Amino acid sequence: MDLSPIWLTLKLAAITTLILLLIGLPLAWWLSKKRSLIKTIIEAIITMPLVLPPSVLGFYLLLAFSPQHGLGHWLQQTFNVQFVFSFQGLVLASVIYSMPFMISPVKSAFQQLPVSLSQASYTLGKTQWQTFRYVLLPNIKPSLLTAAVLTFAHTLGEFGVVLMIGGNIPGVTRVASIAVYDSVEQMNYTAANNYSLILFAITFVMVLSVFIYNKYQAKSPLE
Amino acid sequence: MITVDIKKGLKAYNGLQILQIKKKFSAGSITRITGPSGAGKTTFLKMVAGLITPDSGIIKTNNTAWFDASQQINLSPQQRHIGFVFQDYALFPNMTVKQHLEYATDDIQWISRLLKIGGLGDFTDHKPNHLSGGQQQRLAILRALAIKPKLLLMDEPFSALDLKMKSALIKDLQGLFAELGATALIVSHNPQELDGISGDELEIG
């Protein structure tokens with residue numbers, strides 16, 4: 001059995017989760033503060049992948065990053081980067097596709113913290129960054145873990161978006177969900193079953209771990 | 001001397017309500033702030049601390065303007081160096097008693113002294129959810145004092161303390177205020193609570 005689709009999937013999920021942690025945390029914090037029209041619009045855009053058919057998202061990404069068209073053409077000419085039918089394209093699509101799974105729980109967690117926590121820290125002379133690092137972040141840890149696991153698990157299960165932008169190149173863009181589909185197409189049910197079983201086991205263990213962890217944590221850090 | 005002459009529109013259930021306060025607080029004084037619920041006592045304290053911006057007016061300490069709407073001066077809470085005791089305590093759930101004080105100051109001797117005054121010496125490794133309401137309130141007071149502020153704003157700071165603890169703590173605090181040369185503005189519902197120590201009163205609403 002060729003295990004490369006499984007490794008590729010895990011690599012994709014890990015990189016996507018890491019990138020989303022880096023950009024999702026500050027973005028969720030910013031969104032959790034005072035509302036404005038621009039924030040509402042940005043939040044709506046971030047949430048779109050939840051309701052949009054993955055193939056639609058993949059189609060637009062394919063158009064946007066195709067080397068024959070504007071942005072994709074420019075990226076290739078200027079930086080020699082190609083997002084279509086490449087692993088970096090899968091990462092980009094996954095980051096966009098899984099973004100609401102990271103942003104939404106983290107934003108809610110920030111919003112649930114009383115505003116007086118930040119205010120108390122400011123009156124002690126602490127900067128916004130110190131307050132974020134030492135007060136806010138440690139108090140949303142359970143939500144952050146849930147968000148990271150959900151993002152990772154959601155990326156494992158991607159199909160439509162990755163197929164549209166990445167295609168089915170073995171070792172490059174052929175992730176596990178595509179390998180399942182491809183095996184079924186070739187009537188190789190044994191391979192399809194093996195891939196499916198591994199994906200099922202990984203996601204089940206991850207979701208179960210989050211449930212167990214959250215059971216032993218207070219639901220809200222302030223309880 | 002702290003001079004306050006500010007205005008702020010507050011949204012109330014019966015429309016916009018104007019909070020207007022004009023008062024001078026002499027250095028080292030203790031002022032009791034009273035008034036009905038929703039009158040703007042907490043908002044007033046937060047405006048002095050720089051956590052809420054007044055619509056107009058000035059807040060001045062000695063000759064330094066903390067806030068001056070006409071000159072667009074508005075110092076941040078960090079620059080004002082004010083001790084603030086929040087009504088909901090605003091303790092950090094992730095920090096122990098000791099970590100709360102260490103977050104505010106590096107002065108270890110000062111921390112030990114505060115812990116002794118607050119009677120929290122045996123609870124240094126406890127997080128807020130393992131403290132009683134009274135202990136949490138005392139920690140909030142100690143944390144505000146940890147930065148050795150010249151101005152202390154306290155929002156219902158003794159509401160969860162029993163009578164014995166309250167009178168002992170108030171006595172100790174009075175000594176500390178004198179030592180720090182601190183001015184204190186204390187919101188209190190209980191008229192007897194600050195008898196004998198507060199020389200002035202401000203009624204809001």
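Just above sits the structure.
Let me begin by describing the structure that accompanies this report. Keep in mind that what you see is a predicted model, and the values were worked out from it rather than measured.

1. Thoughts on the overall build of chain A
Piece 1. Looking only at helices and strands, chain A has 11 helices and zero strands in total.
Piece 2. Seen in sequence order, chain A has helices and strands lined up from the N terminus as α-α-α-α-α-α-α-α-α-α-α.
Piece 3. Each of the three principal axes of chain A carries a C-alpha extent, and together these read 65 × 45 × 25 Å.
Piece 4. By sequence separation, contacts in chain A at least 24 residues apart represent 72% of the contacts at least 6 residues apart.
Piece 5. Counting only carbon and sulfur atoms, one obtains 69% of the accessible surface of chain A, whose full area is about 11600 Å².

2. Digging into the pairing of strand S5 (residues 64–68) of chain B
Residue and element names in this part refer to chain B.
Piece 1. Sheet analysis places strand S4 (residues 56–61) next to S5, joined by four bridges and oriented antiparallel. The residue of S5 that forms the bridge with Thr61 is Thr64.
Piece 2. What sits between the antiparallel neighbours S4 and S5 is a turn of two residues, in which Asn62 has the positive phi angle 50 degrees.
Piece 3. Pairing of S5 with strand S6 (residues 73–74) involves two bridges; the strand directions are antiparallel. Opposite Phe67, over in S6, you have Asn74 as the bridge partner.
Piece 4. Count of turn residues in the S5/S6 antiparallel hairpin: four residues, of which Gln72 carries a positive phi of about 55 degrees.

3. As for the sheet that holds S4(B)
Piece 1. Pairing is antiparallel across the open sheet formed by five strands, whose spatial order is S2-S1-S4-S5-S6 (chain B). Strands at the two margins of the open sheet, each flanked by one partner only, are strand S2 (15–25) and S6 of chain B.

4. Overview of the sheet that holds strand S7 (residues 82–85) of chain B
All names here are of chain B.
Piece 1. The five strands are arranged S7-S8-S9-S3-S10 in an open sheet whose pairing can be described as parallel. Single-partner strands in this sheet number two, and they are S7 and strand S10 (200–203). Taken over all neighbouring pairs, the strand axes of this sheet differ in orientation by 15 degrees on average, direction set aside.
Piece 2. Where strand S8 (residues 151–155) and strand S9 (residues 183–187) come together, five bridges link them in parallel fashion. In the sheet register, Leu152 faces S9, and the bridge partner there is Ala184.
Piece 3. Strand contacts of helix H5 (residues 133–146): S7 and S8, with the helix running at about 175 degrees to S7, the strand carrying the most contacts.

5. Concerning the environment of A:Leu3
Piece 1. Structurally, the position occupied by A:Leu3 is in the segment before helix H1 (4–32).
Piece 2. Distance from A:Leu3 to A:Gly171, taken between C-alpha atoms, is 9.7 Å for residues 168 residues apart in sequence.

6. Quick look at the side chain of A:Glu43
Piece 1. With respect to the helices and strands, A:Glu43 occurs in helix H2 (residues 37–51).
Piece 2. Not counting residues up to four positions away in its chain, the partners in contact with A:Glu43 are A:Leu31, A:Arg35 and A:Lys107.

7. Thoughts on the nonpolar core
General note: in soluble globular proteins, nonpolar side chains tend to be found buried as a group.
Piece 1. One finds A:Val106, A:Phe110, B:Phe44, B:Leu145, B:Leu153, B:Phe158 and B:Leu173 to be the most contacted residues of the largest nonpolar core, which totals 111 residues.
Piece 2. Of the residues forming this core, the biggest block, 12 residues, is contributed by helix H5 (residues 87–112) of chain A.
Piece 3. Non-local contacts of B:Leu153, meaning those with residues more than four positions away in its chain, are made with B:Leu45, B:Val48, B:Ala49, B:Ile82, B:Gly83, B:Phe84, B:Val85 and B:Leu185.
Piece 4. With 14 residues, the next largest nonpolar core counts A:Val180, A:Ala191, A:Ala192 and A:Met206 among its residues.

8. Describing helix H1 (residues 41–49) of chain B
All names here are of chain B.
Piece 1. Where burial is concerned, most of H1 is hidden: eight out of the nine residues are buried.
Piece 2. When we look at burial in H1, the residues that qualify are Lys41, Thr43, Phe44, Leu45, Lys46, Met47, Val48 and Ala49.
Piece 3. Gly50 sits one or two residues past H1 and shows a positive phi near 90 degrees.

9. A few points about the interface of chain A and chain B
Piece 1. Taken together, the contacts link 21 residues of chain A with 19 residues of chain B.
Piece 2. Counting the surface lost from both chain A and chain B, the interface buries some 1700 Å², and carbon and sulfur atoms represent 63% of this.
Piece 3. Three residues stand out in chain A for area buried against chain B, namely A:Gln119, A:Thr123 and A:Leu124, and they jointly supply 36% of the buried area on that side.
Piece 4. Counting across the interface, chain A meets chain B through seven residue pairs in polar contact (both at pLDDT 80 or more).
Piece 5. Elements with a contribution of two residues or more to the side of chain A that touches chain B: helix H6 (115–123) and helix H7 (128–136) of chain A.
Piece 6. When residues of the side of chain A that touches chain B are assigned to their parent elements, the largest contribution, seven residues, is made by H6(A).
Piece 7. Across the side of chain A that touches chain B, the residue classes tally to 10 nonpolar, nine polar and two charged.

10. Some remarks on the packing of aromatic side chains
Piece 1. Inspection of the entire model under this criterion finds 12 aromatic pairs over all chains.
Piece 2. Geometrically, the ring pair formed by B:Phe25 and B:Phe44 is tilted, given 6.4 Å between the ring centres and 35 degrees between the ring planes. Here B:Phe44 lies in helix H1 and B:Phe25 lies in strand S2, a separation of 19 residues in the sequence. Across the pair, B:Phe44 and B:Phe25 agree in class, each one buried.
Piece 3. Ring-pair connections join several aromatic residues into one group, and the members of that group are A:Trp29, A:Phe110, A:Trp129 and A:Phe132.
Piece 4. Here the guanidinium or amino end of A:Lys33 rests over the ring plane of A:Trp29, the centre of that ring lying 4.3 Å away.

11. A short note on the packing of helix H8 (residues 141–156) of chain A against helix H11 (residues 189–215) of chain A
Residue and element names in this part refer to chain A.
Piece 1. As a packed pair, H8 and H11 sit with axes 10 Å apart at the nearest point and diverge in direction by 170 degrees. Regarding the angle of H8 to H11, the classification is roughly antiparallel. Where H8 approaches H11, its residues Pro142, Leu145, Thr146, Val149, Phe152, Ala153 and Leu156 are matched on the opposing element by Leu199, Ile202, Thr203, Met206, Val210, Tyr213 and Asn214.
Piece 2. Here the contact of H8 with H11 is built from residues that sort into 11 nonpolar, three polar and no charged.

12. Focus: unusual backbone geometry
For residues other than glycine, phi is negative in most cases, and the peptide bonds are mostly trans.
Residues and elements named next belong to chain B.
Piece 1. The phi dihedral of Asn62 falls on the positive side, at around 50 degrees, and the residue is not glycine.
Piece 2. If you trace the backbone, Asn62 turns up in the loop between S4 and S5.
Piece 3. The exposed category is assigned to Asn62, whose relative accessible area is 52%.
Piece 4. Even without being a glycine, His81 presents a positive backbone phi close to 55 degrees.
Piece 5. Within the secondary structure, His81 sits in the loop between helix H2 (77–80) and S7.

Cut-offs used in this document
Residues numbered from 1 in each chain as written. Chains lettered and ligands numbered in written order. Predicted model: local features only at pLDDT ≥ 70, side-chain atom pairs only at ≥ 80, totals over all residues. Heavy atoms only, no water. Helix = DSSP H or I, 4+ residues; strand = E, 2+ residues; numbered from the N terminus. Contact = heavy atoms within 4.5 Å. Areas by Shrake-Rupley, 256 points an atom, 1.4 Å probe, with all protein chains shown as cover. Pairing = 2+ DSSP bridges. Axes fitted to C-alpha atoms, helices over the stretch in contact; angles between N-to-C directions. Core = buried A, V, L, I, M, F, W, Y, C linked by side-chain atoms within 4.5 Å. Buried < 20%, exposed > 50% of the residue type's maximum accessible area, 1.4 Å probe, protein only. Buried area = accessible area lost by both parts, 1.4 Å probe. Polar contact = N/O pair within 3.5 Å; in protein donor to acceptor, adjacent residues only side chain to side chain. Nonpolar A, V, L, I, M, F, W, Y, C, P; charged D, E, K, R; others polar. Phe/Tyr/Trp six-rings, centres within 6.5 Å; stacked < 30°, edge-to-face > 60°. Lys NZ or Arg CZ within 6 Å of the ring centre and 35° of its normal. Parallel < 35°, antiparallel > 145°, perpendicular 65-115°, else oblique.

Don't take any of this as a statement about function, it's just geometry.
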